[in-house]
Amino acid sequence: MENTVSPRPAKTTDNNANRTEYYVKLTVAIVIGLVGVFIRFVPDVIPSLDQMAFTFSLIANLAIIVASIIAFKVVFDILGFGKNKD
């Protein structure tokens, strides 16, 4: 009996979630967020900077907000809600 199964072409998908640029951007966002968290506690570690606690808190909050925006943008691009540049 002869094999009558014909080879089928490879399956192609539009899944672009494995692109390296997404993981690089997510890593940058995580690093920015961690820097923001560490900056928040600098006045606790160095008591001479205690009078600048508001400034460190402001910088930390801005860093965490920027990191969150970058992370949400990348996740929405992966899910396909963003504009495709292709």
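Rules used throughout
Residues numbered from 1 in each chain as written. Predicted model: local features only at pLDDT ≥ 70, side-chain atom pairs only at ≥ 80, totals over all residues. Heavy atoms only, no water. Salt bridge = Lys/Arg side-chain N within 4 Å of Asp/Glu carboxyl O. Helix = DSSP H or I, 4+ residues; strand = E, 2+ residues; numbered from the N terminus. Buried < 20%, exposed > 50% of the residue type's maximum accessible area, 1.4 Å probe, protein only. Patch = residues over 30% accessible without salt bridge, like charges linked within 9 Å, V, L, I, M, F, W, Y side chains within 5 Å. Areas by Shrake-Rupley, 256 points an atom, 1.4 Å probe, with all protein chains shown as cover. Phe/Tyr/Trp six-rings, centres within 6.5 Å; stacked < 30°, edge-to-face > 60°.

## Notes on the pattern of salt bridges
Pairing of side chains with opposite charge becomes possible as their charged atoms draw close.
Point 1. One pass over the structure, following the stated rule, counts two salt bridges.
Point 2. For the salt bridge of Asp-77 with Lys-73, the shortest nitrogen-to-oxygen distance reads 3.4 Å. Here Asp-77 and its partner Lys-73 are both found in helix α3 (residues 53–79), four residues apart, which amounts to about one turn of the helix.
Point 3. A relative accessible area of 16% places Asp-77 in the buried class.
Point 4. Using a relative accessible area of 44% as the deciding quantity, one classes Lys-73 as partly exposed.

## A word on the environment of Leu-58
Point 1. Within the fold, Leu-58 resides in helix α3.
Point 2. Considered as a pair, Leu-58 and Ile-39 are 19 residues apart in the sequence and their alpha carbons are 9.6 Å apart.

## Some details on a nonpolar patch on the surface
Point 1. Together, Phe-72, Val-75, Phe-76, Leu-79 and Phe-81 make up an exposed nonpolar region whose accessible area comes to about 550 Å².
Point 2. Structurally, the position occupied by Phe-81 is in the segment after α3.
Point 3. Judged by relative accessible area, which is 65%, Phe-81 ranks as exposed.

## Side note on the packing of aromatic side chains
Point 1. Taken as a whole, this structure holds two aromatic pairs when the rule is applied.
Point 2. Seen from their ring centres, Phe-72 and Phe-76 are 6.3 Å apart, and the 25 degrees between their planes marks the pair as stacked. Of the two residues, Phe-72 and Phe-76 are both situated in helix α3; the distance of four residues between them amounts to about one turn of the helix.
Point 3. Look at Phe-72 and you get exposed, because its relative accessible area is 52%.
Point 4. The exposure class assigned to Phe-76 is partly exposed, which follows from its relative accessible area of 40%.
Point 5. Ring centres of Phe-76 and Phe-81 lie 6.0 Å apart, and the angle between their planes is 70 degrees; on these two criteria the pair is classed as edge-to-face.

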